[in-house]
Structures are given as structure tokens and as C-alpha cells.
Amino acid sequence: MTVKDILAAIQSPDSTSEDFAALPLPESYRAITVHKDETEMFAGLQTRDKDPRKSIHLDEVPLPELGPGEALVAVMASSVNYNSVWTSIFEPLSTFGFLERYGRTSELAKRHDLPYHIIGSDLAGVVLRTGPGVNAWQPGDEVVAHCLSVELESSDGHNDTMLDPEQRIWGFETNFGGLAEIALVKSNQLMPKPGHLSWEEAAAPGLVNSTAYRQLVSRNGAGMKQGDNVLIWGASGGLGSYATQFALAGGANPICVVSSPQKADICRSMGAEAIIDRNAEGYKFWKDENTQDPKEWKRFGKRIRELTGGEDIDIVFEHPGRETFGASVFVTRKGGTITTCASTSGYMHEYDNRYLWMSLKRIIGSHFANYREAWEANRLIAKGKIHPTLSKVYSLADTGQAAYDVHRNLHQGKVGVLCLAPEEGLGVRDEEMRAKHIDAINRFRNI
Ligand SMILES: C/C=C/C(=O)SCCNC(=O)CCNC(=O)[C@H](O)C(C)(C)COP(=O)(O)OP(=O)(O)OC[C@H]1O[C@@H](n2cnc3c(N)ncnc32)[C@H](O)[C@@H]1OP(=O)(O)O
Ligand SMILES: NC(=O)C1=CN([C@@H]2O[C@H](COP(=O)(O)OP(=O)(O)OC[C@H]3O[C@@H](n4cnc5c(N)ncnc54)[C@H](OP(=O)(O)O)[C@@H]3O)[C@@H](O)[C@H]2O)C=CC1
């Protein structure tokens, strides 16, 4: 039995759940990995010079044992997230430390502590097997998986599953991720695949859509409301392309920051009107490595006021971090919110705290999404309220290049990866709904 037989079963319209359950599992499969003995390979290089194409490998790996509450999924498509870029350049630290720590927690978790790390935190595919105790999902179910892995043995996570002390991001802090022909997930990560999308389209939103939903919409994040002015950094990027859609769909007013006329056009085509090309307008928030320039914060704020008719920002959707955080705090209105989920340009932030406390602003830390938020975010995709922002699709073998594109900011929206799917466009089950949304679904394609 090989993965080819699995693919044949997925492609046959006659396959039943019983057929999938009867399929013998292969002993091994192809997966994208980084290697433990290479974690020092970029020592001494600047972040931008660390090349994921050198550290990312396509390996044949053994199938992991299936545990209680888990599922093995045949992955048709996945997508590149920035966390896989971090893994591949071993920053801010090597992910093997996470696997070792997880491995120490239980007999079953030991499986994750290996000399290779199978990465990837998104998937669309078909359930192959479920472990003991799984009743909601059957072999043959077409699914997407969100990336929240929790144990839920502590009461700390019982209100908000992101607060579980054993909270991990699947495919980043666990092994057996989605950039592979087969993935191992906890069954609670599974959600129905939206029927109007192809495999690669369905695999694109998961991580970033859920994150943007918690960070911007959920009461655990900024709790955005109608009319809010929302400053969105990287508004056509992975997170930003969903934040922009949430702002528009929720009756808010996105102020989109991008770095090229082409990206400005994408934001305009999504329906945004207030757009700032940070490159063309030449903002330089740092005079040198250690000194910010408040005059530039003010110039940026003045530009925002021009675009809003004199209003300031209710919510900043932050993720660039060090480079922009001082400006983000400054341009937020009295009582407004800066919500942050990342620090792409550096995690030691600096801002003028007088503008925070005197103007009663709040900074909210946000990370991925809890079970329910991930489900709600996927539901919005399934209902055609929010659309995938897939631009380019690579083969599994070219994942290194895909990660390189994201690392060097050469991409738009999301970059997809075909795993078992032999070509793009497969897996659509609801052509009527697709036809209704086809322009929005294709908005980011091939640009
Ligand atoms: C969904 C997608 C998401 C993304 O893309 S996010 C972007 C990618 N992710 C990242 O860049 C984050 C990567 N992770 C990290 O950088 C690290 O993961 C953290 C900085 C988040 C945490 O570092 P750590 O080393 O795991 O934890 P510690 O807290 O620095 O060290 C643990 C030790 O510190 C002790 N400790 C913790 N809190 C306290 C406290 N309040 N008072 C005293 N000690 C404390 C602990 O007990 C333990 O100790 P003992 O080492 O002896 O076991
Ligand atoms: N905590 C969490 O749950 C999550 C965290 N993340 C993290 O968020 C970050 C962004 O992820 P994602 O959106 O997928 O990445 P992308 O690279 O797809 O998009 C980020 C965008 O941010 C903009 N940007 C990058 N650097 C800067 C800068 N120095 N100043 C201003 N804008 C900048 C760029 O847009 P432009 O050039 O057009 O301005 C870029 O397109 C990553 O660090 C990632 O690890 C992501 C998902 C979940």
C-alpha cells in the first residue's frame, strides 16, 4: 500500500467511508522537514540572509502511531505560514526544543521528539483513520484542520482553550504537521472542508484567518465594532488580507498599510478605500537602530487623519513589531486598542508610554484562536462571507522556494502547497456556491 492508492480512493467518486476505513495505511510517506543536526547552519548570518531553501527538506518518513483522540489525515493541500519560515531559519529559537519539551510530558507525546521536524500548520484533506474515543469524524470525511493542540487536563484552559498550559501550535510546537502527504492531528482540530473551495483554496485561510478573527473580531481580542477605524499593517499579506476582509464585512473602516502600488490595488479590489503605501510615502520610524523619530509617527498620524476625515485609529492590527510599534501606539485614539500577535521585525518593542497611559490606550496580546474561534472563522469561509486569499501554489518539492518567497516578502496573500493533490482546482463539491463567489475567490490568484 502506498499513498498513490490513498489518492486513487480520494479521487474516485464511489469511495465510501468503509472503503477508506479498509485501506491499509502505508508504512511511510513524504514530508517537509527540518533536521536537528542542522540547527546551527545559519549561525552568524543576518535574518534576511538565512535561506529556507537550504534548511527545508523533502524526506520519506515513517507513519506515526495513532493515539486516542487523534486522526491521521491524507493531506491534499497545505499552505505556507510564517511560523514555518521561523522554523526553517531556526529563529527566534530552534523548534526542536519545543518537541523535546513536549516529548517529556507523556509516553504518547514522546513520538514528537524526533531528529526531524515535519512542519506545517494548515491542511485540507481526507480523514484516513481515527483513534479510540473519536466519534465525530469518520474515515473519508473531507476536512480542514486548525492548528490548536491542547491537552485540556488543566482547568486553566476550560474557558478559553488558548489558555491551556499545554497549548501548542500543531506543526510548529508539535511534530507531524501539514506540509506532508499524511498528517497527525488531534481530532478536535478537524473542521468541515468548505465545499465550494478546491483543496488548495480550503487549506489557505486556516491559521491566519482564525488568528485575525480572534485578534480583531473576538471579545478576546479587540472586539471590533461597526464604524471602527482599523489600522491594518501588511493589509494584503497573510494575516492582513483576512483582517481587511473582517473589517469590511463588519462595517468597520480599514486603513490599509502596504508596500507597493500592486498591493494597494489588491486592497482596493477587496473594497478598502483608505490605503497607505508605506514605501512610496517613505516612513522612517527609526532614525537609527536605537532611536525612533516621533516626527515620523506624527507624519503618519496626519496621513491617517487625511484619510479618515480627521479621525484617529480605534484599533491597530499589529504584527510587524519593533519597526512599527511606536507609531502604532502613537496613532491610536484616546481609549483605543493596539492588538498584537507577532513581531516580524523584532520582538523588543519600544514606545512612548506617556501616549499609552495618558490617553488610556490598551495593548492586547493575541495568539492564534481558541477551538470555538477557529470554528467560527472557518464557518465564515464556508458561508462565503470571507474568502481565501491564495496567490501562488507550489508543489511539495518546492516548499523551500515557497517559504523563501514568504520570508523575503515576495508574495501576496497566502502561498499554497499541493501535497497529494496532483493538480490545482480539485475537490470542489459545491459548484453553484463557487460560481457565486468566483471573483472574490480568485482575487489574489497569479498576481
Ligand atoms: C499560529 C502561529 C503563530 C506564530 O506564527 S507566532 C510567531 C512564531 N513564534 C515565536 O516566535 C515564539 C517562539 N517561542 C519563544 O520564543 C519562546 O517559547 C517564548 C519566549 C515564548 C518562551 O520561552 P521559553 O524558554 O519557553 O520560556 P521562558 O519563560 O523564557 O523560560 C521558562 C523558564 O522560566 C520560568 N518562568 C516562567 N515564568 C516565570 C515567572 N513568572 N517567574 C519566574 N520564572 C518563570 C519557567 O518556570 C521556566 O523555568 P525552568 O527553565 O527552570 O524550567
Ligand atoms: N501569534 C499568532 O497566532 C500568529 C502570528 N503570526 C505572525 O505574524 C507575522 C505576519 O504573518 P503573516 O501575515 O502570515 O505574514 P506575511 O509575510 O504574509 O504578511 C506580513 C505583512 O506585513 C508587512 N510587513 C512585514 N514587515 C514589515 C515591516 N517591517 N513594517 C511594516 N510592515 C511590514 C508586509 O506587508 P507590506 O510589505 O505590504 O507592508 C507583509 O506582507 C509573522 O511574524 C507570523 O509569525 C502569524 C499568524 C498567527
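Residues numbered from 1 in each chain as written. Chains lettered and ligands numbered in written order. Predicted model: local features only at pLDDT ≥ 70, side-chain atom pairs only at ≥ 80, totals over all residues. Heavy atoms only, no water.

## Examining the site of ligand 2
Inspection of the region around ligand 2 gives 25 residues, with Leu-239, Ser-259, Arg-278, Phe-368 and His-411 positioned closest. Between ligand 2 and Lys-263 there is a distance of 3.2 Å, counted from an oxygen atom to a side-chain nitrogen or oxygen. Within the complex, the protein chains bury 91% of what would otherwise be the 900 Å² of accessible surface of ligand 2. Secondary structure elements with two or more residues in the shell around ligand 2: α4 (82–88), α7 (206–217), α8 (238–249) and α11 (322–331). Tallying contributions element by element places α7 first for the shell around ligand 2, with three residues. Each of domain 1 (3–204 + 388–441) and domain 2 (221–363) gives at least three residues to the shell around ligand 2. (Near = heavy atom within 4 Å. Polar contact = N/O pair within 3.5 Å; in protein donor to acceptor, adjacent residues only side chain to side chain. Areas by Shrake-Rupley, 256 points an atom, 1.4 Å probe, with all protein chains shown as cover. Helix = DSSP H or I, 4+ residues; strand = E, 2+ residues; numbered from the N terminus. Domains from an automatic or database assignment.)

## Some details on the pattern of salt bridges
Within this structure, the stated rule accounts for 23 salt bridges. In this structure, Arg-299 engages Glu-296 in a salt bridge whose closest nitrogen and oxygen atoms are separated by 2.9 Å. Here Arg-299 pairs with Glu-296, and both are found in helix α10 (residues 294–308), just three residues apart, close to one helical turn. The exposure class of Arg-299 is partly exposed, given its relative accessible area of 35%. The residue Arg-354 makes a salt bridge to Asp-352 at a minimum N-O spacing of 2.5 Å. In this structure, a network of salt bridges that share partners links the residues Lys-36, Glu-100 and Asp-113. (Salt bridge = Lys/Arg side-chain N within 4 Å of Asp/Glu carboxyl O. Buried < 20%, exposed > 50% of the residue type's maximum accessible area, 1.4 Å probe, protein only.)

## Topic: the packing of aromatic side chains
By the definition in use, this model includes twelve aromatic pairs. When the ring of Phe-42 is compared with that of Phe-90, the centres are 6.2 Å apart and the planes differ by 40°; the resulting orientation is tilted. Here Phe-42 is found in the loop between β1 (28–35) and α3 (52–55), whereas its partner Phe-90 is found in the loop between α4 and α5 (96–103), with 48 residues between them in sequence. Taken together, a centroid distance of 4.9 Å and an interplanar angle of 85° make the contact between Phe-330 and Tyr-355 edge-to-face. (Phe/Tyr/Trp six-rings, centres within 6.5 Å; stacked < 30°, edge-to-face > 60°.)

Treat this as a map of the structure, not an account of what it does.
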